[in-house]
Each structure stands twice: as C-alpha cells, then as structure tokens.
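Breakdown of the fold
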Amino acid sequence: MKEAPSSVEGKDLVYIKSLSLKTTTGFDSWARLKPQPVTLSLYLKTSVALAGSTDHLTYSIHYGHVCEAVTKTVESSEFRTLEHLAEEVSKLALGDELHGEWVQVIVEKPRTLLRADAAGINIVRRKDGARETEDRVFVKSLRVVTIIGIHPWERKEGQTVVLNLTLHKPINTGPGGVEQGLAFDPHYDYRKVVKVVTEHVEKSTYKTVEALATAVARVACTKCEIEKVTVSVEKPSALTFAKGAGVEVTRHRAFFDLVEGLGLESQQTLSEASSGDEGASTVRHRAFIALGSNMGDRFRWIRDAVKELDRRGLKVQRTSSLYESEPMYVLEQPEFLNGVCEIETILPPMDLLRELKDIEGIMGRKKTIEKGPRNIDLDILLYDGLVMDSEELTIPHKLMLEREFVLRPLCDIAPNLAHPLTSTSFRAHLQSLPPSTTAHHPPLRTFAPLSPSIPPLDPLNPNRKTLLMAVLNLTPDSFSDGGRHSIDSDYIVSTVQSFINAGADIIDIGGQSTRPGAADVGKEEELRRVIPAVRTIREAGITIPISVDTYRAEVAEQAIEAGADIINDISAGVYDEKILSIAAFTGAPIVLTHTRGTPKTMNSLAKYKDVISEVGEELEARLDEALAKGVRRWQIVLDPGLGFAKGMQDNLEIIRRLEVLRRREKLKGLPWLLGPSRKRFVGTITGVTDPLKRGWGTAGAVAGCIAGGADIVRVHDIEEMSKVIAMADSIWRNKVTT
C-alpha cells in the first residue's frame, strides 16, 4: 500500500513523519479509555516556490508550528477512536491556525495487536470538503503460522506468513450527497477483522500465496462485510537471498457475489449438490446458462428455450442482450446468436445438465460434429461458486474466458461477479481480451429485434441506420397535431401508406395525449381510438412495425393482439405496472421512457442537480423493475424523455451528452429512442410558438440526437426528417443512402 503522497503528483509537500505521541484513545478490555502511544504522520500539500526563492520561511508552512499544534491537541484531548483522532488532526491542519489546503493524516497504534507491528487509519481531507479517496484502515505485518507451499517439505509443518491488510472504507454520504462526519464503522474494526482472518489462515493448507491472498480477501469481504480490501501475503522464507516474496491483491465485495446466504461454509453443501445428495435438494442455487443458436430462426430458438427454462421451474432471473458472432473453431458454418441468462434452481449440477440436454432434445437439436451447427445450445457457465471437473461437466465452463460471445453477455447482467478460479471480475476478463477489430476477428454485433418485418437494431454498430418512427396521433388534444388524424379506415390506410412512402420505418399510434398538462381520456376511449386503427392497418396488408403509445396495460395487450409490435410507455411501467407483465408475457419490445410524476404534475418536477446522472439512475431503476417482472433485456428500448419533466437546458444537456448515458454500465448496448419533434424547448430556442412550424428547429435537434447515438427518432414531419436522418447518418454513421 502506498501510504505517503509525492511531490511528483504536482504539489510541493511539507510533512512530519512518525511523530511519537502519548494520548488517550480506544478501549481496553473493560471498555475504558486509556492512555497509549500513537505514531502520527502528516503530509500537507502547498507551494514552497516563494520560500525557496527568497529563503523566508514565512512563505511556507512551518512544520515546527505544525508539530507544536498537533502535539498540544493530541496529548491534551481524549479520542474514542482512531477515526476521531485523525479527523480532529485534519481539522487542525486545515484550520485558521495552520492554513492548510490539503492534508493526509496517518495514525498508527504500535503493538495494539499481539502479532502485528501496528494498526491504524489513513485519511485525506481538503479545505473545500471534497473527497479524493476513501479512508483506509490498515494492519501492518500480521504474522500467522500456516501450512503453505507446493513442495512436499513445505506441507509437513507450518511456516510464518506476513499479512498486510488495507480496509478501504466507502465514502459516507447522507441526504443530498452531503458527506457525514467521520464515524466508527464496526465492520471496519481491525481487531475483529484480524481475528476472523487469523482463524481462517491458521486452519488453511493452501499451496500458493495467490490462493491464500484471495481467500483472505474473500473472508474479509464476505464474513466481515468489508466493501473493498487490499491483501498482501509474504513468505519470509521463500527465497534464500531475499527478505521475502509474496503477492498483493485488491478485491471488492462484488467479486465474491455468490447466492444470498451462501458463505464459505456452504462449499460442502455445493459439493453435496454436485453429487445429487437429497439433503441439498431444497437449497436454491444461482446458475448462469449460455444460450446459442446458428440454424433457422435463431432468435425464436433462444426465446423459446428461455420460456422452457421458466416452464420447468428453472426460474429465469435476468437475461443479457443478444449478440451475433462469427463461428469459432469450426469456421464453415453460419453466424451464431448468443446470450446468457441467470436462473435460480434447486437442482444439483448434474441434474441441471440433464434438464438442459432434455430441452435441447425436445427442441430438435441433433449433434453432428463437435462445435458444429446447432439450432439451440444450452451450457452451464457457473453454478454458485462451485468448482468441479468431471467427465460430463466442468464448472466453471473451461472455455468461457477466451470467448467474447460469452463474456460480453455475461457482463450485461453480472459484470462484477468473480470467476471462481481467478477471483477476478468478468468485466476485467472481458477487458483483457484482444480487441475485436480485424477481418478474422470482427466485433460482436448487438441484436435487438423489433419486428419480423425489419432487421434488428444493432446499437453498438457505429455504421448503423437510424430508424424513423412516424407519429400518428388519434387524439384531439395532442400538443402539435391534435385532431389532424381521423380514425376512419380509409384515412388511416392512406395516411400510413404516405408515411411509408415518405420514409417511415415504424408507425407510432397514440390514443391518449401525454403532453404536459393533458387530461386522462379514460381506458375505453383510448381503446376505441387505437385498436380499430391497428386492425385496419394489418387488414390492409401493411407490414410496417406498429408501436402503440400507451401507458395502460389493457390497451397494450389488446393492441398487440390486434397486430401491433411494440409498446411505447412514457412512464416505463410506473402509471400501470401491469404493462411490464404484458410485455413479458407477449415478448413485445417495450420502450421505457424517463419521466417524473404525471402529465399534470411533471413540469413541477423538472429539477435536477445533474440531469444525466439522475436520468441514468432513474432509468436503471425502471430497467431493473422490468427485468424483475420477466421482461428480457433484448426487448428493451430506452428513451430519456425529452420534454417529460425536463426544462429546456435539461433537454439540451441530454441531447448534448447522450453518449454518456449510452455508456453507463447497466445501460450499455441497449437501443435508444429520442423524440425531440416540435417540443416546447425547440420553439423556445427558435422563437416559434406554433408547434406545426417548428420543423427547422426539430431538424437540428434530430441531427444532434443522431450524433449522440440515437437508434430511433420519433418525428411528425416524415418526409423532411427522413432527409435529415439520411444526411446525419452519412456524416456520423458513415452510411450513405442512395
């Protein structure tokens, strides 16, 4: 662990190192404060340029004055914890007496542990209150005797290993993001952590220091609930002519994110489960299944396989996005469609394997050559934290770390999960793969199907085509085209055909105005407007994808039955949570739009400190809710909700920084729809009050949306905006339409 800062980092330093003091801090066995020695180090960032050129100490921080002030404060006060002591010293250093701007305080208690040199805390504080890094509780040179080593003579008796531990404390913030005062967290009590770690190490018989360091990190994170820990393990006797040799690792608790309640003690339960022990049959296990197909209707095979998993009680918790990939190993075969799903099961591993093979069988898979073409392929990637290797089954899957088409979808749903053998997150493994940029190793392509009548969306493809969603409002009170469209059948057909001829890729039909302040027309009226229109379009033989703009579950359900393809819900399932279940049941793609409140109240809720972060977080919450209701990730399209609970500057910031939203970890790879057409912010900026005349401003906004990464734009002026899309795609997507 690097304890001290350096002037190389850009600021000069004035420091006091290892100042020995006597103070009253901490508890003894009878819960009394007691006097004891502490060692204090301070590092203050400043500039000594003027003092260095004039040779006058008044232009620097006088370390003698610092020492005097710190000594007086520490030795004349009582401190309940080391955290309390470090905080008070930092306040002194940054106060009016010493005029510090930045300080690092390291407090050590020597001989506070029988088998360690010292323990303490390391904090950094700034005068402006901003936090640069987490506080760190540390234990220095903890000596433990254990069996460790790969050689036969090392297995005969224990030897001393030296452990250094750093417990990284998460920054503690309260309401509004305001940092709370530095407080003692019992999870970071170094005495308790050392006790748990020591007991584990003394009982262990690891062959490698790598395994021992990982195990110590696992114990600290899972048993002691430490969020992040750095562990150094050193063998003083490892090399004849060296003081020591060892390994250092840093791990987050998420690396050991096993099924809830599954601790280190349950490895025996996992072992029993793998052998089919009946006593383990009620234990719920977490498994990850790879999904693959490269024959026939690949999407249908994968979709139906996931449904069959659910039908058999292998409860699907989450699914990844789908990805197209070139074949590996056997190259002369069609491209694969790949994904991953997480399931919950009570089956032991071998029974789960048999169940998956049975599903493949009833779906008609016939294995001809190893790694050859297949209509459906279901493989167990992970099963809790189990490691097993038998003739029939290897867990974790032995080839998964070399396969981007496995790691990328796995990272959609569990990026911080650790590989049981490497204790390294799957995100890190994915990042370590060579880049997919060559003709022999092309990048994966995302596969987000909207309708059988158009190609799937490919949000990660920089050369993708932007789709135009044409607005067909069957409402008398929509903000820009209310009452313009009739529900007469002939009118509907001719209007939709004209939209298609003008360049529409999707028709979005709405029967309830969702403009800010709009009144609710009721379910029956919305059904009366929308359902006949959908049926009319389909009965006319028009196959263009139809989106139904509704937040009502019953309207969505009947529209899908009538022939619609997509649910476009401005509330993302908030106004009627059953709509998510309808999307899950029907398998229809669903647009999750960010908003706050209702159409009547949303304008009053357009208050953000950081609109990009807050919209991202709130969309992630709706995404989680949709996935929990059974909606598959490949069904989801996101919409940041331009004009919905947004002020003018909020809308502009979203368009300007859409790429930041697209790169958020949980949202990466999902398609985005934006609807800037004729919105109030366009009129405000251009000075056009009539929504019907906001075409020029809309054109600029549409181009900005495409530059930021939109996959679909929802517009009213079809012919004009199709030309804007063609131009913008040619500039930013390198896709020239001829």
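Basis of the calculations
Residues numbered from 1 in each chain as written. Predicted model: local features only at pLDDT ≥ 70, side-chain atom pairs only at ≥ 80, totals over all residues. Heavy atoms only, no water. Helix = DSSP H or I, 4+ residues; strand = E, 2+ residues; numbered from the N terminus. Buried < 20%, exposed > 50% of the residue type's maximum accessible area, 1.4 Å probe, protein only. Contact = heavy atoms within 4.5 Å. Areas by Shrake-Rupley, 256 points an atom, 1.4 Å probe, with all protein chains shown as cover. Salt bridge = Lys/Arg side-chain N within 4 Å of Asp/Glu carboxyl O. Phe/Tyr/Trp six-rings, centres within 6.5 Å; stacked < 30°, edge-to-face > 60°. Lys NZ or Arg CZ within 6 Å of the ring centre and 35° of its normal. Axes fitted to C-alpha atoms, helices over the stretch in contact; angles between N-to-C directions. Left-handed = near helix turned anticlockwise from the far one by under 90°. Nonpolar A, V, L, I, M, F, W, Y, C, P; charged D, E, K, R; others polar. pLDDT = per-residue confidence, 0-100. Pairing = 2+ DSSP bridges. Parallel < 35°, antiparallel > 145°, perpendicular 65-115°, else oblique. Disulfide = S-S within 2.5 Å.

On a plain count of helices and strands, the chain comes out with 20 helices and 25 strands. The buried share of the chain, taken over its 738 residues, is 53%. Sequence separation of 24 or more characterises 66% of the internal contacts of the chain that already satisfy a separation of 6 or more. Carbon and sulfur atoms provide 52% of the accessible area of the chain, an area that totals close to 33,700 Å².

Following the criterion strictly, the structure yields 56 salt bridges and no others. Across the salt bridge formed by Lys629 and Glu625, the nearest N and O atoms sit 2.5 Å from each other. We classify Lys629 as partly exposed; its relative accessible area is 29%. On the accessibility criterion, Glu625 (27% relative accessible area) is partly exposed. Residue Arg662 pairs with Glu659 through a salt bridge whose shortest N-O separation is 2.8 Å. Taken together, the residues Arg662 and Glu659, both in helix α17 (residues 658-662) and three residues apart, mark about one turn of the helix. Of the residues examined, Arg662 reaches a relative accessible area of 13% and is grouped as buried. Here the salt bridges share partners, and the residues they tie into one network are Glu308, Arg311, Arg312, Glu355 and Asp358.

Another aspect to go through is the environment of Thr81. Here Thr81 shows up in the loop between β3 (78-79) and α3 (82-94). Judged by relative accessible area, Thr81 falls into the buried class, the value being 16%. Taking C-alpha positions, Thr81 is 5.2 Å from Gly26, a pair spaced 55 residues apart along the chain.

Let us look at the packing of aromatic side chains. Two descriptors summarise a pair of aromatic rings, namely the distance from one centre to the other and the angle between the planes of the rings. Tallied over the entire structure, the rule returns four aromatic pairs. Ring centres of Tyr15 and Tyr43 lie 5.6 Å apart, and the angle between their planes is 25°; this geometry places the pair in the stacked category. Of the two residues, Tyr15 sits in strand β1 (residues 12-27) while Tyr43 sits in strand β2 (residues 33-46), which places them 28 residues apart along the sequence. Using a relative accessible area of 7% as the deciding quantity, one classes Tyr43 as buried. An aromatic cluster is defined as three or more aromatic residues linked by ring pairs; in this entry it consists of Phe299, Phe447 and Trp634. Above the plane of the ring of Trp102 lies Lys45, whose end atom (NZ or CZ) is 4.3 Å from the centre.

Let us look at the packing of helix α19 (residues 695-708) against helix α20 (residues 718-732). Between two packed helices, what matters for the description is the angle formed by their axes and the separation of those axes. At a minimum axis separation of 9 Å, α19 and α20 run at an interaxial angle of 35°. Crossing hand, α19 versus α20: right-handed. Residue-level inspection shows Gly695, Thr698, Ala699, Val702, Ala703, Ile706 and Ala707 of α19 in contact with α20, the latter providing Met721, Val724, Ile725, Ala728, Asp729 and Trp732. Along the lines of polarity and charge, the residues of the contact of α19 with α20 split into ten nonpolar, two polar and one charged.

Turning our attention to the environment of Pro589. Assignment of secondary structure puts Pro589 in the loop between α14 (578-586) and β22 (590-593). Each C-alpha atom, one on Pro589 and one on Ile566, is 5.0 Å from the other, the two residues being 23 residues apart in sequence.

Here the chain shows a mean pLDDT of 87. Residues at 70 or above account for 89%. Across residues 173-182, where pLDDT falls below 50, the model places 16 contacts with residues more than four positions away in sequence or in other chains. Contacts for the low-pLDDT stretch residues 477-483, under 50 throughout, to residues beyond four places or in other chains number 26 contacts.

With that out of the way, let us pick up the sheet that holds strand β25 (residues 712-715). Sheet architecture is open: eight strands sit in the order β23-β22-β21-β20-β19-β18-β25-β24, paired in parallel fashion. Every interior strand has two partners, whereas the edge strands, β23 (636-639) and β24 (673-674), have only one. The pairing of β22 with β23 spans four bridges and is parallel. Each residue of the ladder has a partner; that of Thr593, found in β23, is Asp639.

Quick look at helix α13 (residues 553-562) now. All of the buried residues along α13 are Ala553, Val555, Ala556, Ala559, Ile560 and Ala562. Of the residues trailing α13, Gly563 is marked for its positive phi of about 130°.

In this section: the packing of α13 against α14. For the pair α13 and α14, the least separation of the axes is 8 Å and the interaxial angle reads 20°. When the interaxial angle is binned, α13 and α14 end up roughly parallel. With respect to the hand of their crossing, α13 and α14 are arranged in right-handed fashion. Along its contact with α13, which presents Ala553, Ala556, Glu557 and Ile560, the element α14 presents Lys578, Ile579, Ile582 and Thr586. Residue composition of the contact of α13 with α14, by class: five nonpolar, one polar and two charged.

What follows concerns the side chain of His397. Positionally, His397 belongs in the loop between β16 (394-395) and α9 (404-413). Setting aside chain neighbours within four positions, we find His397 in contact with Asp379, Ile380, Leu381 and Arg403.

What follows deals with unusual backbone geometry. The amide bond that connects Ile395 to the next residue, Pro396, takes the cis arrangement and shows omega of -5°. Here Pro396 shows up in the loop between β16 and α9. Here the phi dihedral of His99 falls at roughly 60°; this positive angle occurs in a residue that is not glycine. By the secondary structure assignment, His99 is in the loop between α3 and β4 (102-110). Relative accessible area serves as the criterion here: at 56%, His99 is assigned to the exposed category. One non-glycine residue, Arg111, lies in the positive phi region at around 60°. Take Arg111: it is sitting in the loop between β4 and β5 (118-126).

Turning next to the state of the cysteines. Following the criterion strictly, the structure yields zero disulfides and no others. Free of any disulfide, Cys224 has its nearest neighbouring cysteine sulfur in Cys221, separated by 9.0 Å. Residue Cys224 is classed as buried on the basis of its relative accessible area, which comes to 9%.

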